[in-house]
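# Notes for the structure review
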Amino acid sequence: MDGDKTHKLKRCRECGSPRKVSQLLNWNDNGTITQSLNRNFRVVILHSDFLDGLFESVEKRLGVSIGHIAFEAQRNASKTVFGAVKQKLGPLADILTRSTKFKRAAVEQFNDTARITGQCLSETIEYIPGERGVARIRNPFNLDLMAANVVGAFELLESKPFEHEVEKVGDDTYILKVASASEKPEISERMELRPSKLFPGGKPQERCPRCHVPTDLSCFSWFEEQGIIVDERRGIRVVFLDGYVPSAVFREIATELGEDFYDLVVEAERDWTTRNAGKILGAGSELSGDRVKKAFERYLEMLRLYGQGNPAFLEVDADALSVIIENPYEVHLLAGMFSGLYEAIVGERARVTWDLPREQVARYRVKPA
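Residues numbered from 1 in each chain as written. Predicted model: local features only at pLDDT ≥ 70, side-chain atom pairs only at ≥ 80, totals over all residues. Heavy atoms only, no water.

## Observations regarding the sheet that holds strand β11 (residues 310-316)
Strand order in the open sheet made by the 4 strands is β11-β12-β14-β13, with antiparallel pairing throughout. The open sheet is flanked by β11 and β13 (350-358), the only strands paired with a single partner. Going across the sheet, the axis of each strand differs from the next one's by a mean of 15°, ignoring polarity. Two strands pair when backbone bridges link them, and β13 and strand β14 (residues 361-368) are joined in this way by 7 bridges, in the antiparallel orientation. From the neighbouring strand, T353 faces β14, where its bridge partner is R365. Contacting β11 and β12 (321-326), helix α11 (residues 292-305) crosses the sheet at an angle of about 175° to β11. (Pairing = 2+ DSSP bridges. Helix = DSSP H or I, 4+ residues; strand = E, 2+ residues; numbered from the N terminus. Axes fitted to C-alpha atoms, helices over the stretch in contact; angles between N-to-C directions. Contact = heavy atoms within 4.5 Å.)

In structure tokens, the structure reads:
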């Protein structure tokens, strides 16, 4: 219910960011965001419609649906996210997960996490431990991936497979039902996440002296009664997600279609970025030739805040853009992003090349095609 005080988040008295954000997440100087309970597990901030646009574009190029692959990747990601809490509890977790009271509290924590990360507003309607759950979902960033998050969380909590069904009941409002299942698809076992060791170093970020989140996070507004977050500088909705789902989805498809599939990913991302360059760079951006370097610098600062990588080098000359990113969250998506921005800013069709000189370091060069 909009305006319900139970949905209100407690704020930092210094910077106004929700307290739980700083409790759940760490912004590292190396261009990454990681889970507080699992410093090896990476989180990124994405435009809420980004994955919709990307997957739709890839599907058009392939002529087949990849939604089921994305679902299984997100299901496993959800289990890893909430599994950090279970791992922290150690042997006590097995005892607690036999408690109905603990399980009910855990389900409410799932709802809380969805609201804090801007994924949706989720409210429990019914929960019968070990059997089923019913929730009202409002404003999901992506209905299928949101359902995958819930299914994964229930599977972790109940230690058994779950299935789901969704019913639309209003404007961007859905009833999500999950119930225990006999088994889950074979593909789910192949979609494991593969966190990498992160590259150290980076540029220190200015931080709130009280809660230690970056001061640039002040550009985010949390509308917790709606379950959304808005980057006010760009006027767009954003969402906190794990940083591994795109890589897992692409890896599975490339296994079937070959490495040339990644060329489609770069093209899809380039086209999406070119169409959305204005909102990516922010209101008031002047996409003219003499503003090229400043426009890219503005984007690279956003990259750090969003946990998508650490920009270690940038050079813009008359003929090309050169950039080095440490800890890129997905090398092919960044390749497409850079070429798309170049096309939008410079006004010429671009060609991007890159190599990986070290683990977790990507070096890109973009020039007119």
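## Here we look at the packing of helix α5 (residues 100-116) against helix α6 (residues 143-158)
Packed helices, taken two at a time, are described by their axes: the angle between them and the distance between them. Axis separation between α5 and α6 bottoms out at 11 Å; the angle between their running directions is 155°. Taken as axis vectors, α5 and α6 run roughly antiparallel relative to one another. Once α5 is placed against α6, the crossing between them reads as right-handed. In contact with F102, K103, A106, V107, F110 and A114 of α5, α6 contributes M146, A153, F154, L157 and E158. Of the residues that constitute the contact of α5 with α6, the class distribution is 9 nonpolar, no polar and 2 charged. (Parallel < 35°, antiparallel > 145°, perpendicular 65-115°, else oblique. Left-handed = near helix turned anticlockwise from the far one by under 90°. Nonpolar A, V, L, I, M, F, W, Y, C, P; charged D, E, K, R; others polar.)

## Description of the side chain of D242
Inspection of the secondary structure puts D242 in strand β10 (residues 236-242). The charged side chain of D242 is buried without a salt bridge, its nearest counter-charge being R42 at 9.8 Å. At 3.3 Å, the side chain of D242 forms a polar contact with the side chain of Q74. Of note is the side chain of D242, whose polar atom sits 2.9 Å from the backbone nitrogen of Y244. (Buried < 20%, exposed > 50% of the residue type's maximum accessible area, 1.4 Å probe, protein only. Lys, Arg positive; Asp, Glu negative; His and termini not counted. Salt bridge = Lys/Arg side-chain N within 4 Å of Asp/Glu carboxyl O. Polar contact = N/O pair within 3.5 Å; in protein donor to acceptor, adjacent residues only side chain to side chain.)

## Digging into helix α12 (residues 331-346)
With 16 residues, α12 ought to run about 22 Å at 1.5 Å a step, and its terminal C-alpha atoms sit 22 Å apart, in line with that. Across the 16 residues that make up α12, a large majority, 14, are buried. By the N-cap criterion, in which a side-chain oxygen at the helix start approaches the backbone nitrogen of a residue two or three places on, α12 is capped by E330, the distance to H332 being 2.8 Å. (Expected span 1.5 Å × (residues − 1).)

## Observations concerning a positive patch on the surface
On the surface, a cluster of positive charge is contributed by K10, R13, R19 and R210. Tracing the backbone through its elements, the reader meets K10 in the segment before α1 (19-24). (Patch = residues over 30% accessible without salt bridge, like charges linked within 9 Å, V, L, I, M, F, W, Y side chains within 5 Å. Areas by Shrake-Rupley, 256 points an atom, 1.4 Å probe, with all protein chains shown as cover. Charge placed at Lys NZ, Arg CZ, Asp CG, Glu CD.)

## A few points about the packing of aromatic side chains
Applying the stated criterion across every chain yields a total of 14 aromatic pairs. Ring centres of F41 and Y244 lie 5.2 Å apart, and the angle between their planes is 55°; this geometry places the pair in the tilted category. Here F41 is found in the loop between β2 (33-35) and β3 (42-47), whereas its partner Y244 is found in the loop between β10 and α8 (245-257), with 203 residues between them in sequence. Summarising the burial analysis for this pair, F41 and Y244 share the class buried. By way of ring pairs, the aromatic residues W27, F220, W222, F240 and Y306 are connected into one cluster. (Phe/Tyr/Trp six-rings, centres within 6.5 Å; stacked < 30°, edge-to-face > 60°.)

## A look at the pattern of salt bridges
Following the criterion strictly, the structure yields 23 salt bridges and no others. For D29, the salt bridge is made with R207, and the minimal N-O distance between the two is 3.2 Å. Of the two residues, D29 sits in the loop between β1 (25-27) and β2 while R207 sits in the loop between α7 (187-190) and β8 (220-223), which places them 178 residues apart along the sequence. One connected set of salt bridges, linked through shared partners, spans R61, E267, R270, D271, E343 and R349.

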